Structures are given as C-alpha cells and as structure tokens.
Amino acid sequence: MTSLVNRLEAPPRYIPNDPRPSLVGLTRQALADAMGRAGVPEKQRRMRAGQVWHWIYHRGVTSFAEMTNIAGDLRQRLDESFVIGRPEIVSEQISSDGTRKWLLRLSPDERGARHEIETVYIPEEDRGTLCISSQVGCTLTCTFCHTGTQKLVRNLTAGEIVAQVMTARDRVKDWPRDIEANPNPPPAGRYITNIVLMGMGEPLYNFDNVKDAIEIISDGEGLSLSKRRITLSTSGVVPEIPRAGAEIGSMLAISLHGTTDEIRNRLVPLNRKYPIAELLAACRQYPGLSNARRITFEYVMLKGVNDSLADAKRLVQLLKGIPAKVNLIPFNPWPGTQYECSDWETIETFAEVLNRAGYASPVRTPRGRDIMAACGQLKSESQKLRARERMALEAGA
Ligand code: SAH
Ligand code: SF4
C-alpha cells in the first residue's frame, strides 16, 4: 500500500527566504574560509572547520547549538551568519516494497524560484541504495525517459546534492548515533550503503558541483560512503568521461540502451554527437578498471526496439575487452510514453546470451512502481501541475 505523508511530524530545518547561506556543500577549504567570515582568527580556521565538519557530516546535527565543543559565543556568531541547510520535504511516499521517494523543495534560487527534485531510497537485503538527483530536470531528451520531458532545468549546487543524502539519513534514521542506539541494526551495518547518481539530470553536465558533492559524501570523517560505493551514471558525455576518471574517481555507469548508432540515436539523441565507438573508447580508458571494478552498462528493455537476439549478440561484441556488467532494466512506463516494456521471456533470452558470454547481467526488478519511483519516472509532480495550470490559463486566455 502506498502512503503519502505530507506534513512531516519533525519538519527539517528550513526557513523560507533565509538570507544566511548554508554551510552544507562547502569543501573543507571553503568551510575554513567561511569560519573566517564568522570572525575565527586565521590560525584556528582549519581546526574549527574540522570540528564543524564532524558535527555536520558525522553527527548530522541541524543546529549550531548542538556543537558542544565549540564555545558559546562562536556558536552564536556561526548561527548569525550561516544555516545548516536541508531542503524542505514536500512529501514522502513509501511503497509496498519499502522503497521511499521524497519530493524535496529547494531554497529559492537567484530569481526567487523554488524548484523541486526527487530522491529515492531502495532497501534490499544486503544493501540500501540511495538514488540522488544532480539537476532539476535534464537538458537531454532521451525518448524513453520521463525526466527528459521536463522543461525546467537547472544545475543543483553541491550542497543540494549532498543534502539529499543527509535528508535520507534523517528520515531512515541512519546517522551513526541512530545505528548505535538501534536494537535491530540493519544487516549491512547501515541503511544507506550505496549512492547512485541515477535520479534526475545528467551529472556530467554539472561536473564541478557533482565532483565537490562526491568529495564530501566520500570523506572518511563525515558521511563516509566510499567512492567504490558511489556510481555516477551518464548518458555518454564523452569529453567529460576522462575528467571524471581523473578527478572524481567514482564507479561509472553508462546508459547504453542501443547496439547500433541508428537505434541509439533514436533513444539517446546525444549519441548523434558522441557515437557508440567514441563512447566505448572512452570507457576502455577509464582508470582503475579490473574484474573487481567494472563499468556498469545500463540497458533499458524496449519491446521491438532494442531487445532482439541480434541486439544481445551485438552487445556482447561491443563490450569485448571492457571489464563490464550489464544492468537490464525493464522499461518503466509513464503517462504518454510511446514505448512498451519487452516481454519477460524476451528479457530472459537476452540475459542468457549475455550470461553465456560471461557478463553478469542481473535484471533489475523494478522497485517502487506504485509510487512512480522507478528509473526514468522521476519528474516532479508540481512541475506537471504547473504545466497543467499553464495550459488551463492559456486555454482561458
Ligand atoms: N542522466 C543519467 C542519469 C539519470 S537516468 C543517465 O542517463 O545515465 C538513470 C538511468 O535510468 C539511465 O540508465 C536511464 O537511461 C534510465 N531510464 C530512464 N528512463 C527510464 C525508464 N522509463 N525506464 C527504465 N529506465 C529508464
Ligand atoms: Fe536525462 Fe538521463 Fe533521462 Fe536521458 S535518461 S533524459 S540523460 S535523465
């Protein structure tokens, strides 16, 4: 059964139109500089930044008052100058399978607009995956993806990316103190063990903020999710892939979806700019690949479009020599789509060809379908409402 919680009993720290900037999302150096703005003498800035970092990212506090090893007058100055920002939780939906989806409203941008994004938590027996967004909407227009139909687009700040992880930790009670106090700790030790940048947006079109966010999320003195457990998914922004390898160093997932340029052009229009051969050449160069560190190739199963036996065989040929695994994703339909999901037997036959060629290819069971939380279904409801309202207004004009 789906449950929708609208007004949460413990509202996150959010003050509309608060002029104070948030400390969440600042790199360690930027945080030390911020200490300077709150009057901390230069020699103490790094030390104070380290303390504040620990409170924000390890302890998960939402107020300066809780930072008990910092003197009261500095706490007050910090409180006058900054906030520890969390987005506003507009709604929290919980699927019958335990998947949770949050609709988050961001602080106003420079034009005063308050955008919304979605974050999804997928609990499994041996892991818990948090799927986070990197942009509001997406500038790309993959024809099978709901997010790609959303007109409104802007990059998320590093703080807005990191705050999704912090909000999820608040809601599933996954801070170290919660786990320590928990009489039934989760089997994997934590509730959120993996992060995937597979929500809304193309992360490599928001490179710098994504890079800072991953640096913060993987910092061992804070949120502490190792880069091996963080996967960046791209539709194939080829020139940024070597940079991602050199500067970000997370795991990589490629949204392939087609085995010929003709098919992929139709599904992922970016392929016209960066065709399959160039994309796979960039993958071959990705640093640190081995059997234990593979690239994930995502492949959405679309009936009669990319799901033939010939496609499966071509896929095996294309991936030759790349340490790879394949995620076959049953297509998740959305209102108005032209596609259908492949039949179950077709998916099984396809997976068998890959398995026989030595590629582990789990079929990703769709999760949270009842709350439209599955891959490619994310598109904020309020955006749709606004569009509908606009249409009504236009019709009336
Ligand atoms: N923009 C990035 C990351 C976000 S999309 C990318 O494209 O990789 C995350 C994954 O969901 C991608 O593999 C995308 O192709 C897939 N996806 C999009 N729409 C889908 C749908 N309707 N059904 C199943 N998977 C979908
Ligand atoms: Fe954007 Fe990824 Fe959707 Fe394509 S699949 S429109 S790149 S979010």
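Check the entry above for the structure.
Quick caveat: nothing in here was measured; it's all calculated off a predicted structure.

**Q** So what exactly am I meant to see when it comes to the site of ligand 2 here?
**A** Close to ligand 2 lie Cys138, Leu140, Cys142, Cys145, Gly148, Gly201 and Ser235, which account for all nearby residues. Classifying every residue of the shell around ligand 2 gives 4 nonpolar, 3 polar and no charged.

**Q** Explanation requested: the site of ligand 1 in the structure shown.
**A** Close to ligand 1 lie 21 residues; Gly201, Ser233, Ser255, His257 and Asn332 are nearest. In this structure, an oxygen atom belonging to ligand 1 sits 2.6 Å away from a side-chain N or O atom of Ser255. Between ligand 1 and the protein, one listed contact pairs an oxygen atom with a side-chain N or O atom of Glu298 at 3.0 Å. Look at ligand 1: alone it shows 530 Å² of surface, and the protein chains cover 96% of it. Where the shell around ligand 1 is concerned, the elements lending two or more residues are β9 (230-234), β11 (295-301) and β12 (324-330). Grouping the amino acids of the shell around ligand 1 by side-chain chemistry returns 10 nonpolar, 9 polar and 2 charged.

**Q** When you look at the pairing of strand β2 (residues 88-94) in this model, what are you seeing that I'm missing?
**A** Regular strands show a simple pattern: their side chains alternate between the two faces of the sheet. Counting buried positions along β2 yields 5 of 7 residues, so the element is predominantly enclosed. Pairing of β2 with strand β3 (residues 100-105) involves 6 bridges; the strand directions are antiparallel. Note on β3: the bridge partner recorded for Ser91 is Leu103. In this structure, the hairpin formed by β2 and β3 is closed by a connection of 5 residues, where Gly98 is found at a positive phi of approximately 95°.

**Q** What's the story with the pairing of strand β5 (residues 128-131) in this structure? I'm lost.
**A** Where burial is concerned, the two faces of β5 agree: the one with Gly128 and Leu130 and the one with Thr129 and Cys131 are both buried. The hairpin formed by strand β4 (residues 116-123) and β5 contains 4 residues between the paired strands. Here β5 runs beside strand β8 (residues 194-197); their pairing, made up of 3 bridges, is parallel. Looking across to β8, one finds that Cys131 is bridged to Val196.

How each quantity is defined
Residues numbered from 1 in each chain as written. Chains lettered and ligands numbered in written order. Predicted model: local features only at pLDDT ≥ 70, side-chain atom pairs only at ≥ 80, totals over all residues. Heavy atoms only, no water. Near = heavy atom within 4 Å. Nonpolar A, V, L, I, M, F, W, Y, C, P; charged D, E, K, R; others polar. Polar contact = N/O pair within 3.5 Å; in protein donor to acceptor, adjacent residues only side chain to side chain. Areas by Shrake-Rupley, 256 points an atom, 1.4 Å probe, with all protein chains shown as cover. Helix = DSSP H or I, 4+ residues; strand = E, 2+ residues; numbered from the N terminus. Buried < 20%, exposed > 50% of the residue type's maximum accessible area, 1.4 Å probe, protein only. Pairing = 2+ DSSP bridges.

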